[in-house]
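# Inside the fold
Spelled out from the first residue to the last, the chains are:
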Amino acid sequence: MPILVQKYGGSSVADVVRLKAVAQRIIQAKRSGYNVVAVVSAQGDTTDELITKAKEISQSPPKRELDMLLSTGEQISIALLAMAIAEEGHAVISLTGAQGGICTDSLYTRAKILRVDPARVKKELSEGRIVIVAGFQGINDMGDITTLGRGGSDTTAVALAAALEARACEIYTDVDGVYTADPRLVPTARKLDEISHGEMLELASLGAAILQPRAVELAAAWGVTIHVRSSFGEALGTLVKGDDQMEKQRVVSGVTRDLNVVKVMLVDVPDRPGVAHEIFSALAAEGINVDMIVQTTKQGPVTDLLFTICQDDYALTRQLIGELREKLGITNVLYNDRLAKVSIVGAGMMSNPGVAAAMFGTLAEHGINIEVISTSEIKVSCLIEACKVETAVKAIHDRFRLGEELHV
Ligand code: ADP
Ligand code: ASP
Ligand code: MG
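Let me begin by describing the structure that accompanies this report. (Residues numbered from 1 in each chain as written. Chains lettered and ligands numbered in written order. Predicted model: local features only at pLDDT ≥ 70, side-chain atom pairs only at ≥ 80, totals over all residues. Heavy atoms only, no water.)

Here we take up the overall build of the protein chain. Counting secondary structure elements, the protein chain contains 12 helices and 20 strands. For 408 residues, the compact-globule formula gives about 22 Å, and the C-alpha radius of gyration of the protein chain, at 23 Å, lands near that figure. Counting only C-alpha atoms, the protein chain reaches 75 × 55 × 35 Å along its principal axes. For the protein chain, the residues scored as buried account for 51% of the 408 residues in total. Accessible area of the protein chain: about 18,500 Å², with a carbon and sulfur share of 52%. When the 41 basic and 51 acidic side-chain charges of the protein chain are each reduced to a single mean position, those positions are 2 Å apart. (Helix = DSSP H or I, 4+ residues; strand = E, 2+ residues; numbered from the N terminus. Rg over C-alpha atoms; globule rule 2.2 N^0.38 Å. Buried < 20%, exposed > 50% of the residue type's maximum accessible area, 1.4 Å probe, protein only. Areas by Shrake-Rupley, 256 points an atom, 1.4 Å probe, with all protein chains shown as cover. Lys, Arg positive; Asp, Glu negative; His and termini not counted. Charge placed at Lys NZ, Arg CZ, Asp CG, Glu CD.)

Now the structure itself:
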């Protein structure tokens, strides 16, 4: 029997009614001739609530202990879902990430999957059971529980689909696919039937929460097609797959916003070889991801260096930059966490000059000042004031007429 991997997000298993509906969907897939592996997230806002609990005790809890705590959310879901399926008279077993063979490195709270050992899952399937696996969690070489970062259940699902050579990987969520913008923000956003791995990776990395970027990265590397669809209905969703000719004709595929941004400005940094290396390798050694980087030339032997990081890394960055400031003789450091990034993504941009200019023009028409710009072959991002980001997303969505069907 072919294997089908399905993943159900938090809102899809939020309460008893939803859990029972998901159980029915899984049973239906089993009846239609699949060996089903279902990856499940924590119910509703459980993960956020667990983080709040931890913060009541400590502002910076040991990350190993945080993972121990956060992983419990998914364990509640898998046990309840297995009970719901058993109640309907079907053979089923729930497995933790470790039991499901998800082996990770030891970077607690943002661990990477090193390998998947699918032996136990395969054995259970061969004995006729439906297998329910806890998303978001794995085990490191020391036998400790790790978690894969927010949204990590998507990555668990894709990793299992690749390791099991599944026929399909379906990601069930609370919207019916990938849209040209967050449909909760832009009512005219349009569902895409298909999108390439490359474009989806950019959208996800630039703030479209619908898929964890690493899940898309893994899907691209292993050639896994992801079907993003709603667990609340039967409609077909969006296929996230290898490059497709049709996609290239769409100049812009989507607009995103990312509020999780802090701008760091180093004023009067000594202008000599090795300084940028020293600053960015110190940040990299702590696992801090730096995004936009701009260095400006000035009169005299100094430069200004500006870069952005995520809010989560703010405290640690302040500490590291504080240490480097004295050592390197940097005159001043300024932080701004009231900014957001608005981005457009589209493979067709490569061959269509003027796309960036059109985006800048739209922002200007709305009186929105651009602080920093960064581009790649298939995206343009602008750092703007956070309070203006919703206006920006809507205006850009309108400007590129993303709500309209493409006729080719
Ligand atoms: P789950 O709990 O199922 O993993 P998430 O909350 O992680 O669900 O992701 C689904 C949400 O992603 C949607 O409710 C939607 O508001 C948001 N989203 C952001 N950008 C997009 C987009 N371009 N297309 C669809 N949904 C998006
Ligand atoms: N429960 C985790 C989170 O809220 C993982 C996930 O939902 O994918 O981030
Ligand atoms: Mg998610």
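Once the structure has been displayed, the description carries forward.
Further remarks concern the site of ligand 2. Taken together, Ser41, Ala42, Thr47, Glu74, Phe136, Arg150, Gly151, Gly152 and Ser153 make up the full set of residues adjacent to ligand 2. A distance of 3.2 Å separates an oxygen atom of ligand 2 from a polar atom in the side chain of Ser41. Within the side chain of Glu74, one N or O atom sits 2.7 Å away from a nitrogen atom of ligand 2. A total of 260 Å² of accessible area belongs to ligand 2 in isolation, and the protein chains cover 87% of it. In the shell around ligand 2, the residues fall into 2 nonpolar, 5 polar and 2 charged. (Near = heavy atom within 4 Å. Polar contact = N/O pair within 3.5 Å; in protein donor to acceptor, adjacent residues only side chain to side chain. Nonpolar A, V, L, I, M, F, W, Y, C, P; charged D, E, K, R; others polar.)

This part takes up the side chain of Gln137. Relative to the elements of secondary structure, Gln137 occurs in strand β7 (residues 137-139). A polar contact of 3.1 Å, which involves the side chain of Gln137, links it to the backbone nitrogen of Gly97. For Gln137, the residues in contact, after removing those within four places along its chain, are Ser71, Glu74, Gln75, Thr96, Gly97, Ile102, Thr146, Thr147, Leu148 and Thr156. (Contact = heavy atoms within 4.5 Å.)

Attention now moves to the environment of Arg129. With respect to the helices and strands, the residue Arg129 is situated in the loop between α4 (119-126) and β6 (130-134). Of the residues examined, Arg129 reaches a relative accessible area of 26% and is grouped as partly exposed. Excluding its chain neighbours within four sequence positions, the residues that come into contact with Arg129 are Ala91, Val92, Ile93 and Glu124. Side chain to side chain, Arg129 and Glu124 meet in a polar contact 2.6 Å long. A distance of 2.8 Å separates polar atoms of two side chains, one belonging to Arg129 and the other to Glu127.

Taken together, the neighbourhood of ligand 1 is formed by 17 residues, with Thr173, Asp174, Tyr179, Asp182 and Arg184 sitting nearest. Residue Gly10 places a main-chain N or O atom 3.2 Å away from an oxygen atom belonging to ligand 1. Separating an oxygen atom of ligand 1 from a side-chain N or O atom of Thr173 is a distance of 2.7 Å.

Our next topic: the sheet that holds strand β11 (residues 226-230). Pairing in this open sheet of 8 strands is mixed, and the strands run β3-β6-β2-β1-β9-β11-β12-β10 from one edge to the other. The sheet terminates laterally at β3 (92-95) and β10 (194-196), the two strands that pair on one side only. Here the average twist between neighbouring strands, direction ignored, is 20 degrees. In this sheet, β6 lies alongside β3 in parallel orientation, the contact comprising 4 bridges. Looking across to β6, one finds that Val92 is bridged to Ile130. (Pairing = 2+ DSSP bridges. Axes fitted to C-alpha atoms, helices over the stretch in contact; angles between N-to-C directions.)

Between two aromatic rings, the relevant description is the distance of the centres plus the angle of the planes. In this structure the tally under the stated criterion is 3 aromatic pairs. Positioned above the aromatic ring of Phe232, the side-chain terminus of Arg18 is 3.8 Å from the ring centre. The ring of Phe400 is capped by Arg399, whose NZ or CZ atom sits 5.3 Å from the centre of that ring. (Phe/Tyr/Trp six-rings, centres within 6.5 Å; stacked < 30°, edge-to-face > 60°. Lys NZ or Arg CZ within 6 Å of the ring centre and 35° of its normal.)

The next subject is the pattern of salt bridges. Pairs may arise between side chains of opposite charge once their charged atoms sit close together. For the structure on display, the rule yields 24 salt bridges. Among the ionic pairs, Arg25 bridges to Glu234, the shortest N-O distance being 3.7 Å. Of the two residues, Arg25 is situated in helix α1 (residues 16-31) and Glu234 in the loop between β11 and β12 (238-241); the sequence distance between them amounts to 209 residues. Classification of Arg25 by relative accessible area gives buried; the value is 14%. For the salt bridge of Asp182 with Arg257, the shortest nitrogen-to-oxygen distance reads 3.9 Å. Highlighted residues: Asp182 in the loop between β9 (168-173) and β10 and Arg257 in strand β13 (residues 254-258), separated in sequence by 75 residues. A relative accessible area of 24% places Arg257 in the partly exposed class. One network of salt bridges, with partners in common, ties together Arg120, Lys123, Glu124, Glu127 and Arg129. (Salt bridge = Lys/Arg side-chain N within 4 Å of Asp/Glu carboxyl O.)

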